[in-house]
Amino acid sequence: ETGVTQSPTHLIKTRGQQVTLRCSSQSGHNTVSWYQQALGQGPQFIFQYYREEENGRGNFPPRFSGLQFPNYSSELNVNALELDDSALYLCASSLDRGRGDTQYFGPGTRLTVL
Amino acid sequence: SQQGEEDPQALSIQEGENATMNCSYKTSINNLQWYRQNSGRGLVHLILIRSNEREKHSGRLRVTLDTSKKSSSLLITASRAADTASYFCATRLTGAQKLVFGQGTRLTINP
């Protein structure tokens with residue numbers, strides 16, 4: 001157990017809808033990174049939040065957005081859902097932007113877009 | 001595109017045998033990490049090796065890193081059924097915040 005929790009576990013949405021996924025980071029960690037993992041693929045970096053500011057972004061469109069709160073928990077929001085957004089969404093917490101350190105992953109949220 | 005490429009994509013061995021997985025990457029890295037994932041669940045960190053290290057051990061795991069060849073290998077000795085999982089290498093690029101993952105090796109340990 002890493003101490004990183006995510007909710008919900010599973011989610012089914014229809015195309016065009018909006019979704020919010022949540023992540024609670026490990027105690028003492030101030031950095032949260034979000035990854036998308038399509039079936040049979042490795043995780044792809046979406047973005048990272050450090051002390052409530054976005055600190056790096058991968059190749060994802062602006063309809064993917066996020067927030068980090070003062071307690072360092074985080075949300076991932078996806079607007080105008082597309083079928084290709086169906087994936088496992090993973091958050092990872094680390095200390096100080098994860099420089100050189102391990103990222104601790106949560107169990108993920110499985111999103112299905114119909 | 002993925003930074004890391006794992007080889008083989010799938011590996012099936014008998015319990016007790018050793019399993020070796022390889023990872024190649026393209027650009028300069030700060031460190032390389034190996035993760036395990038069971039049945040599409042969260043990733044479990046196994047071991048981290050820094051760019052100035054050549055070999056690291058953790059229990060039944062041995063990781064090597066060859067920066068001149070831009071490659072790493074993960075050896076699991078005396079495999080067990082519980083080792084059945086997908087294994088991913090992930091590189092932290094120099095100066096970057098993100099981890100870049102390969103597509104993984106799916107390991108099956110047969111009893």
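Residues numbered from 1 in each chain as written. Chains lettered and ligands numbered in written order. Predicted model: local features only at pLDDT ≥ 70, side-chain atom pairs only at ≥ 80, totals over all residues. Heavy atoms only, no water.

**So, the state of the cysteines**
What counts is decided by this rule: Put simply, a disulfide is two cysteine sulfurs that come within 2.5 Å. Put simply, DSSP marks the helices as runs of H or I at least four residues long and the strands as runs of E at least two long, and each gets a number from the N terminus on. Relative accessible area decides the class of each residue, using a 1.4 Å probe on protein chains only: under 20% of the type maximum gives buried, over 50% gives exposed, and in between gives partly exposed.
Scanning the entire structure with this criterion turns up two disulfides over all chains. Here Cys23(A) connects covalently by a disulfide to Cys91(A), the sulfurs 1.9 Å from one another. Residues Cys23(A) and Cys91(A) share a disulfide whose torsion about the S-S bond is about 75°; that sign makes it right-handed. A residue pair is termed long-range when its members are at least 10 positions apart, and Cys23(A) in strand 3 (residues 19-24) and Cys91(A) in strand 9 (residues 87-94) qualify at 68 residues. Of the two residues, Cys23(A) and Cys91(A), neither departs from the other in class, the shared state being buried. Here Cys23(B) is linked by a disulfide to Cys89(B), with a sulfur-sulfur distance of 2.0 Å. Given an S-S torsion of about 65°, the disulfide between Cys23(B) and Cys89(B) has right-handed geometry.

**Side note on the pattern of salt bridges**
Residue and element names in this part refer to chain A. For clarity, the threshold we go by: By convention in these notes, a salt bridge is any Lys or Arg side-chain nitrogen within 4 Å of a carboxyl oxygen on Asp or Glu.
The final tally for this structure, using the stated rule, is seven salt bridges over all chains. Close ionic contact of Arg63 with Glu82 constitutes a salt bridge, the shortest N to O distance being 3.3 Å. One end of the pair, Arg63, is in the loop between strand 6 (53-57) and strand 7 (64-68); the other, Glu82, is in the loop between strand 8 (74-78) and strand 9, with 19 residues separating them in the sequence. With a relative accessible area of 17%, Arg63 lands in the buried category. The partly exposed category is assigned to Glu82, whose relative accessible area is 40%.

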